Amino acid sequence: MKERLQELQSEALEKVERSSTLSDLQEIRVAYLGKKGPITEVLRGMGKLSKEERPVIGDLANKVREAITAELDRKKTILEKKALEKKLEHETIDVTLPGRPVQVGGPHLLTSIVEEIEDLFIGMGFEIREGPEVETDYYNFEALNLPKGHPARDMQDSFYITEELLLRTHTSPVQARTMGEYQGSKPVKMICPGKVYRRDTDDATHSHQFTQVEGLYVDKNVRMSDLKGVLNRFAKQMFGEDREIRLRPSFFPFTEPSVEMDISCKVCSGVGCSVCKGTGWIEILGGGMVHPRVLELAGYDPKIYNGFAFGMGPERIAMLKYGVDDIRHFYTNDIRFLKQYHKA
Ligand code: PHE
């Protein structure tokens, strides 16, 4: 029995020595020290031994068990340490590596410009209103003093959906809707940004879909000088305090008198260059005093109320402000173009 125990010990220790994984160790532990293992078996057979032999063998069996346990534990610590080292090696972070650049998005130039225009007019007490892009003939034309058959309807070739429905050709219907909603009960001071549609052939300065921001102020005693003052503030804040504005007579069916506004050319400071085609001025928007008929149609008494309206294209504003040479850049979404206008 003595020999058998010693044999088991050296056999187990050799296996421990050769083992290379933690699961190998576990197997050895179960095989030699488990309830069904050979050492337990030896101890079970002790009943057959003499009284003198019994404590000697018992003592030896315990020593063998301790020796194997100690060796298993020692090897376990070594293997665990190795496993940890391997893991750490794997997970090492090289803090000297350059960082990976993170792609950060930003608002589209057109969005930024519209927001800038909105902020500017909110600062002057205007509220922001929106309306449908699929509009009725009534709000797009009739309510704006453009009855059916009016020759001025030809100015805006339209995308009709039915006889009575079309893609709005300007954002002015939002003004008619707002006035119609208030029915002469209170003053109106609003701007309406949004998409509009015209049957234009796309080129560097035309697009079948583009953006407008129109404004309307209706109250008692609104004067043309109020229009000029508001637009002057807008132009200076948008393009620089050194810009001058001028109003030229024009025609719109919904305003009387009507004007077009120019700003002094930034490139040549009014002297004349290729950007302003030698005039020193660049046209940026249209406007005028709201036609009495438009007020009347929306429930405002033109003897009590009057007002001004204006409309502009944010694409054009952005093109002038940033020197963008083709309106199609706004819609083709080439990230190299858009990126230049992302604010850090
Ligand atoms: N609705 C006009 C346009 O399309 C712009 C405008 C608005 C002019 C308000 C005068 C007053 O183009």
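Everything below is about the structure shown above.
The following refers to the structure shown.

Helices and strands together make up the secondary structure of the protein chain, namely 12 helices and nine strands. The C-alpha radius of gyration computed for the protein chain amounts to 44 Å, which surpasses the reference 20 Å derived for 344 residues by more than 25%, pointing to a less compact arrangement than a globule. The principal-axis extent of the C-alpha atoms belonging to the protein chain is close to 130 × 45 × 35 Å. Across the 344 residues of the protein chain, 42% fall into the buried class. Long-range contacts, defined as pairs at least 24 residues apart, comprise 67% of the intrachain contacts of the protein chain with a sequence gap of at least 6. Taken as a whole, the protein chain presents about 19800 Å² of accessible surface, with 53% of it coming from carbon and sulfur. Across the protein chain, the 49 positively charged side chains and the 53 negatively charged ones have centroids separated by 6 Å.

Around the ligand, 14 residues are found, and the nearest of them are His 170, Ser 172, Arg 198, Gln 212 and Glu 214. Within the side chain of Ser 172, one N or O atom sits 2.9 Å away from a nitrogen atom of the ligand. Take Glu 214: an N or O atom from its side chain is 2.9 Å from a nitrogen atom of the ligand. For the ligand, the accessible surface in isolation is 310 Å², of which the surrounding protein chains cover 92%. Where the shell around the ligand is concerned, the elements lending two or more residues are β5 (209–219), β8 (281–290) and β9 (306–312).

Attention now goes to the nonpolar core. Phe 121, Phe 234, Phe 308, Phe 310 and Met 312 are the most contacted members of the largest nonpolar core, which totals 42 residues. Those elements that place two or more of their residues in this core are α5 (109–122), β5, α8 (224–239), β7 (255–264), β8, β9, α10 (314–322) and α12 (335–339). Looking at this core element by element, the count peaks at seven residues for α8. One finds Ala 152, Met 190, Val 290 and Ala 309 within the second-largest nonpolar core, a separate group that totals 23 residues.

Attention shifts here to the state of the cysteines. Two cysteines whose sulfur atoms are joined by a covalent bond form what is called a disulfide. The final tally for this structure, using the stated rule, is zero disulfides. Cys 268 carries a free sulfur, and the closest cysteine sulfur to it, the one in Cys 276, is 3.6 Å from it. Taking the relative accessible area as the measure of exposure, Cys 276 reaches 4% and is therefore buried.

With that out of the way, let us pick up α5. Between the first and last C-alpha of α5 there are 20 Å, a value that for 14 residues agrees with the 20 Å anticipated at 1.5 Å per step. Within α5, burial applies to Leu 109, Leu 110, Ser 112, Ile 113, Val 114, Ile 117, Glu 118, Leu 120 and Phe 121.

Let's shift gears to the pattern of salt bridges. Between side chains of opposite charge, a pair can form when the charged atoms approach closely. For the structure on display, the rule yields 22 salt bridges. Measuring nitrogen to oxygen at the nearest pair gives 2.7 Å for the salt bridge that ties Arg 74 to Glu 71. Taken together, the positions of Arg 74 and Glu 71, both in helix α4 (residues 53–90) and three residues apart, correspond to about one turn of that helix. For Arg 74, a relative accessible area of 41% gives the class partly exposed. For Lys 148, the salt bridge is made with Glu 142, and the minimal N-O distance between the two is 3.3 Å. Glu 142 gets classed as partly exposed once you look at its relative accessible area, which sits at 28%. Residues joined by salt bridges that share partners form a network here, namely Arg 246, Arg 248, Glu 260, Asp 262 and Glu 283.

Conventions adopted
Residues numbered from 1 in each chain as written. Predicted model: local features only at pLDDT ≥ 70, side-chain atom pairs only at ≥ 80, totals over all residues. Heavy atoms only, no water. Helix = DSSP H or I, 4+ residues; strand = E, 2+ residues; numbered from the N terminus. Rg over C-alpha atoms; globule rule 2.2 N^0.38 Å. Buried < 20%, exposed > 50% of the residue type's maximum accessible area, 1.4 Å probe, protein only. Contact = heavy atoms within 4.5 Å. Areas by Shrake-Rupley, 256 points an atom, 1.4 Å probe, with all protein chains shown as cover. Lys, Arg positive; Asp, Glu negative; His and termini not counted. Charge placed at Lys NZ, Arg CZ, Asp CG, Glu CD. Near = heavy atom within 4 Å. Polar contact = N/O pair within 3.5 Å; in protein donor to acceptor, adjacent residues only side chain to side chain. Core = buried A, V, L, I, M, F, W, Y, C linked by side-chain atoms within 4.5 Å. Disulfide = S-S within 2.5 Å. Expected span 1.5 Å × (residues − 1). Salt bridge = Lys/Arg side-chain N within 4 Å of Asp/Glu carboxyl O.

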